[in-house]
Amino acid sequence: MGSDRHYPEEAPQHERRVKPFAIERHPVTNARFAEFVDATGYVTVAERELDPAEFAGADPAELVPGSLVFTPTTGPVDLNDWRQWWRWVPGAQWRHPFGPDSSIDDRLDHPVVHVAYADAAAYAEWAGRRLPTEAEWEFAARGGLDGAEFAWGDERMPRGEVMANTWVGAFPYRNEGWGGTSPVGSYPPNGYGLADMIGNVWEWTVDAFTPRHVPPGAASVDRGERRDLLAGARASQAMRVTKGGSHLCAPEYCRRYRPAARSAQAEDSATTNLGFRCAR
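Residues numbered from 1 in each chain as written. Predicted model: local features only at pLDDT ≥ 70, side-chain atom pairs only at ≥ 80, totals over all residues. Heavy atoms only, no water.

This part is about the side chain of H110. Along the chain, the position of H110 falls in the loop between strand 2 (86-90) and helix 2 (117-126). Setting aside residues up to four positions removed in sequence, H110 forms contacts with V28, T29, N30, T181, S182, P183 and V184. (Helix = DSSP H or I, 4+ residues; strand = E, 2+ residues; numbered from the N terminus. Contact = heavy atoms within 4.5 Å.)

The following block contains the structure:
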C-alpha cells in the first residue's frame, strides 16, 4: 500500500492486511442514487439552505445552495491557482450537475456527483452497505497487481491505449477525451472485474486524512511521529481520504490516477468530479 515515488502523502510504502470484503463493480450511478432519493426523500448537502450564522459578514442574499463546477479556461493558466477553473454555481447539485439549466436525463449511467460525505454515507446505509476503508479501496483498485504503478500495469498508456477517463490534452483548457464524467464501465475493468477504480470521479473512503500513512507497527515511523500524525487525524476528522483520481487528472497537473494516490477532501465538499462506491 502507498508509494515512495510520488506525492509525500502516499508514503511510506508498506504492507497492510484486510479482512474479506465485497465492493461494488462501479461507482454509484445517477440512476441508482435517484432510486435512493425517491425512496427516502433525502436532500443532499448541496441542496440544503445555508445558515447565515455560519458565514459571518456574508450577504444573506448570496447564501444560496450550490456547488463547485469545473469550468475550462480559454487557454493556459497558472496551475497553482485552482480558482481559475473552479466556480461556485448556485443551484448546482446531483440532479443539475452544471447548474439549474442542466440535467442528468442523458447521464443516468454516469457516476452521481456533487455528493458530500454525509450523502454517500446515507446512501450506503439505505443500500445495506457502507463506504470502504482506504486500505480496502486500494487493495481492490490494484486488481491483484501487487506493487504495479497503475491498476492495469506499469505503463500509463500501454500500446498508446487510454485506460481510464483522465484528462487527455492540455489542462485545464483543451480536453480531447470525455471532457467530464463518462458512463460507468466505459474502460476495461481491472483484474478483479472492477470498473472506474481509476479516473472518472474521485471516491470517498471512511478514513480520516493524515499527511502521510501511519503503518501499523512500522519501524520507519517513530513513536513521536506516530502520535503527531494520529493527533492530526483526530483534529481533522472533517477531512476524509478520497481515492482514484478523476477525469480532471492530467500528467502536468494531477498524477493521482494510480491506486496508491490519495487526496484530502472536506466532508462538506461537493463537486463535479466527486462520487463514491459502496462496500460490505
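With that settled, the discussion passes to the side chain of T44. Examined against the element boundaries, T44 turns out to sit in the loop between helix 1 (30-40) and strand 1 (66-70). Of the polar contacts made by the side chain of T44, one reaches the side chain of E47; its length is 2.6 Å. (Polar contact = N/O pair within 3.5 Å; in protein donor to acceptor, adjacent residues only side chain to side chain.)

Here we take up the nonpolar core. Within the largest apolar cluster, 28 residues are counted, with the highest numbers of intra-cluster contacts made by F33 and F276. Elements represented by at least two residues in this core include exactly helix 1, helix 2 and strand 5 (202-208). No other element matches the five residues that helix 2 contributes to this core. The residues contacting F33, other than those within four sequence positions of it, are V28, T44, W94, V112, V115, D119, Y123 and F276. (Core = buried A, V, L, I, M, F, W, Y, C linked by side-chain atoms within 4.5 Å. Buried < 20%, exposed > 50% of the residue type's maximum accessible area, 1.4 Å probe, protein only.)

Here we come to the pairing of strand 1. Judged by how many residues are buried, strand 1 sits mostly within the fold: four of five residues are covered. Direction of pairing for strand 1 relative to strand 2: antiparallel, over a ladder of five bridges. Of the residues in strand 2, the one forming a bridge with G66 is P90. (Pairing = 2+ DSSP bridges.)

Enumeration over the complete set of coordinates arrives at 16 salt bridges. The closest approach of N and O atoms between E149 and R5, which form a salt bridge, is 2.7 Å. Of this pair, E149 sits in the loop between helix 3 (134-142) and strand 3 (169-170) while R5 sits in the segment before helix 1, placing them 144 residues apart in sequence. Residue classification places E149 among the buried residues on the basis of a relative accessible area of 16%. We classify R5 as exposed; its relative accessible area is 58%. The salt bridge involving R262 is made with E134; its shortest N-O contact spans 2.7 Å. Taken together, the positions of R262 in the loop between strand 6 (239-243) and strand 7 (263-266) and E134 in helix 3 put the pair 128 residues apart, joining distant regions of the chain. Just as R262 is buried, E134 falls in that class too. Taken together, the shared-partner salt bridges in this structure form one network comprising E134, E138, R142, K243 and R262. (Salt bridge = Lys/Arg side-chain N within 4 Å of Asp/Glu carboxyl O.)

The next point concerns the pairing of strand 6. Of all five residues in strand 6, four are buried; the element is thus mostly enclosed. Where strand 5 lies against strand 6, three bridges are found, and the strand directions are antiparallel. In the strand pairing of strand 6, E203 is matched with K243. Note that strand 6 and strand 7 share four bridges and pair antiparallel. Directly across from T242, in strand 7, lies its bridge partner S263.

In space, the four strands of this open sheet follow the order 7-6-5-8, with mixed pairing throughout. The sheet terminates laterally at strand 7 and strand 8 (274-275), the two strands that pair on one side only.

It is worth spelling out the packing of helix 1 against helix 2 at this point. Packing of helix 1 against helix 2 leaves a shortest axis separation of 11 Å and a crossing angle of 80 degrees. In terms of orientation, helix 1 lies roughly perpendicular with respect to helix 2. On helix 2, the residues that touch R32, F33, E35, F36, A39 and T40 of helix 1 are D119, A122, Y123 and W126. Of the residues belonging to the contact of helix 1 with helix 2, the class tally is six nonpolar, one polar and three charged. (Axes fitted to C-alpha atoms, helices over the stretch in contact; angles between N-to-C directions. Parallel < 35°, antiparallel > 145°, perpendicular 65-115°, else oblique. Nonpolar A, V, L, I, M, F, W, Y, C, P; charged D, E, K, R; others polar.)

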